[in-house]
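Fold and geometry: a report
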Amino acid sequence: MPRQDPAASSGAPRPTSPTAVCVGESMAVLLPNRPGPLESVEHFRLAVGGAESNVAGALAALGVPSAWISRVGDDGFGRRLLAEVAARGVDVSAVTVDRYRPTGLYLKEVGGTTGSRHDLGPGRSRLHYHRRGSAAATLSPALLADPAAARLLTGARLLHLSGITAALSDDCLSLLRALLADRRPGRLVSFDLNWRPALWRDRDPAVLPPLLDAADVLLLGADEAEAAFGTGDPRALRRRFPSPATVVVKDAARLVTALDRDGTAVTEPALAVEVVEATGAGDAFAAGYLAGTVRGLDQRRRLRLGHLSAACALTAHGDHAELPPAPAVDALLAASTADWAATRVSADGIVSPVLPTTAGAAARPGAGTDPLPAPSPALGAP
């Protein structure tokens, strides 16, 4: 199958030796221009989205060279997807373009106050997937023999996967099993549950626990775990999945707990955020936490970097947002418990006792040009 390299023609930077490789499907997204049932929407805005490519893009923004491996259709949606992911600095050289199968697509439906019996209601939304038979659904263990993918996987110090891939097809499930069985010294494997009930209606979710337990770092939403496994309690989940070095349990907007295999547990509260849009916050948290792991930060700072990354995503439209410059990030990661609790994040910037009151622009996501410190030569203990 042919490949495209949008980075070569667009001038977007592409890392030559990615530290992190993310594998999974991304899709075109149609977003409604108004709330209400789909039949009442006249216009949609085209965007792209996908958990693994979101994490790859956020890792790149955090200074961790990253690559995304997948398949897209030989269509406009696939070209748009490749171009946007590459523009975020992600290596897409191992993405295959499938001439016969389409790029996956999903539509977002947003509840409103139209009075229609089909209206979901204010504050509610629903995703409608059109991904059966997509190009990415044909991902399989044959990927490991592909020269471009093998090059990236061989050099990666972090491999990120998610439970979404397991739900796409038997071939995709086999690929995850093969990747998890291919243990290599110096390579950390992270796995985000990313529970999507709609994808499991015709498939058996009993395949998930062995996959999750084979990872080094396991990321779980408490609500997702409750739905998938009957409990969202961090310690119960730690017992359920004894093999990962670290199990990270996210309790929505309240707090996150990281539990190591030796019984050590670190809990860190979320930042206070004026939410603009919730899309992409979970992927942003994963990227922040994993970037902290790659950089060798201690457990508390890893959790804080995850929270900060998620907070910035929550204050932006779309699936991703930039962090403030490195000095502001470092100050927040080192803040006292009281100063962390007093920090507020909004679309206008970050207000915190550890940041200068006159440095509004400096504390604003995306302001400044200083990158975060480079990854450490060796991965810290997960």
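Reading guide: rules and limits
- Residues numbered from 1 in each chain as written.
- Predicted model: local features only at pLDDT ≥ 70, side-chain atom pairs only at ≥ 80, totals over all residues.
- Heavy atoms only, no water.
- Helix = DSSP H or I, 4+ residues; strand = E, 2+ residues; numbered from the N terminus.
- Contact = heavy atoms within 4.5 Å.
- Areas by Shrake-Rupley, 256 points an atom, 1.4 Å probe, with all protein chains shown as cover.
- Buried < 20%, exposed > 50% of the residue type's maximum accessible area, 1.4 Å probe, protein only.
- Core = buried A, V, L, I, M, F, W, Y, C linked by side-chain atoms within 4.5 Å.
- Pairing = 2+ DSSP bridges.
- Axes fitted to C-alpha atoms, helices over the stretch in contact; angles between N-to-C directions.
- Right-handed = clockwise from strand over helix to strand, strands pointing away.
- Left-handed = near helix turned anticlockwise from the far one by under 90°.
- Nonpolar A, V, L, I, M, F, W, Y, C, P; charged D, E, K, R; others polar.

Turning our attention to the overall build of the protein chain. Scanning the protein chain for helices and strands turns up 13 helices and 17 strands. Partitioning the contacts of the protein chain with sequence separation of at least 6, the portion at a separation of at least 24 is 71%. Total accessible area on the protein chain stands at roughly 15900 Å², and carbon and sulfur atoms take up 53% of it.

Along the chain, Arg239 falls in helix α9 (residues 234-240). Relative accessible area serves as the criterion here: at 61%, Arg239 is assigned to the exposed category. On a C-alpha basis, the gap between Arg239 and Arg261 in space is 9.5 Å, while along the polypeptide they are 22 residues apart.

Within the secondary structure, Val41 is located in the loop between β2 (27-32) and β3 (44-49). The spacing of Val41 and Glu109 is 68 residues in sequence and 9.2 Å in space, taken between C-alpha atoms. Not counting the four nearest positions on each side in its chain, Val41 is found in contact with Pro32, Asn33, Arg34 and Gly36.

Turning our eyes to something else, we now look at the nonpolar core. Ranked by internal contacts, the top residues of the largest apolar core, which has 53 residues, are Leu59, Trp68 and Tyr289. Residue assignment for this core shows that the elements contributing at least two residues are β1 (20-23), α2 (51-61), α3 (76-87), β11 (217-221), β13 (255-260), α10 (281-294), α11 (299-314) and α12 (326-333). Ranked by residues supplied to this core, first place goes to α10 with eight residues. By size, the runner-up hydrophobic cluster in this structure holds 47 residues, among which are Ala94, Ala136, Ala156 and Ala166.

Across the sheet, which stays open at both edges, the eight strands sit in the order β4-β1-β9-β10-β11-β12-β13-β14 with mixed pairing between neighbours. Edge positions in the sheet fall to β4 (66-69) and β14 (265-269), since each has one partner strand and no second. Looking at each pair of strands side by side, their axes are set apart by 15° on average, direction ignored. The sheet contact formed by strand β9 (residues 158-162) and strand β10 (residues 188-192) spans five bridges and is parallel. In the sheet register, Ser162 faces β10, and the bridge partner there is Asp192. Set on the sheet, α2 makes contact with β1, β4 and β9; between it and β4 the angle comes to about 165°.

So, about the pairing of β10. Counting buried residues along β10, five of its five residues qualify, which places the element largely inside the surrounding structure. On β10, burial covers both faces: Leu188, Ser190 and Asp192 on one face and Val189 and Phe191 on the other are all buried. As paired elements, β10 and β11 share three bridges and run parallel to each other. Across the sheet, residue Ser190 finds its bridge partner in β11, namely Val217. For the crossover that starts at β10, traverses helix α7 (residues 208-213) and ends in the parallel β11, the hand is right-handed.

This next bit is on the sheet that holds strand β8 (residues 125-130). Ordered by their spatial adjacency, four strands build an open sheet running β3-β2-β7-β8, and the pairing between neighbours is mixed. What marks the edges here is a single partner per strand, and that holds for β3 and β8. This sheet shows a mean twist of 25° between the axes of neighbouring strands, independent of strand direction. Bridge count for β2 against β3 is six bridges, and the pairing is antiparallel. Residue pairing across strands places Val29 opposite Ala47, the latter belonging to β3. Strand contacts of α3: β2, β3 and β7 (105-110), with the helix running at about 60° to β3, the strand carrying the most contacts.

Here we take up the packing of α10 against α11. The N-to-C vectors of α10 and α11 enclose an angle of 150°; their axes lie 7 Å apart at closest approach. Viewed along their axes, α10 and α11 form a crossing whose handedness is right-handed. The residues of α11 that touch α10, namely those facing Ala281, Ala284, Phe285, Gly288, Tyr289, Ala291, Gly292 and Thr293, are Gln299, Arg302, Leu303, Leu305, Gly306, His307, Ser309, Ala310, Ala313 and Leu314. Of the residues assigned to the contact of α10 with α11, the class counts are 10 nonpolar, seven polar and one charged.

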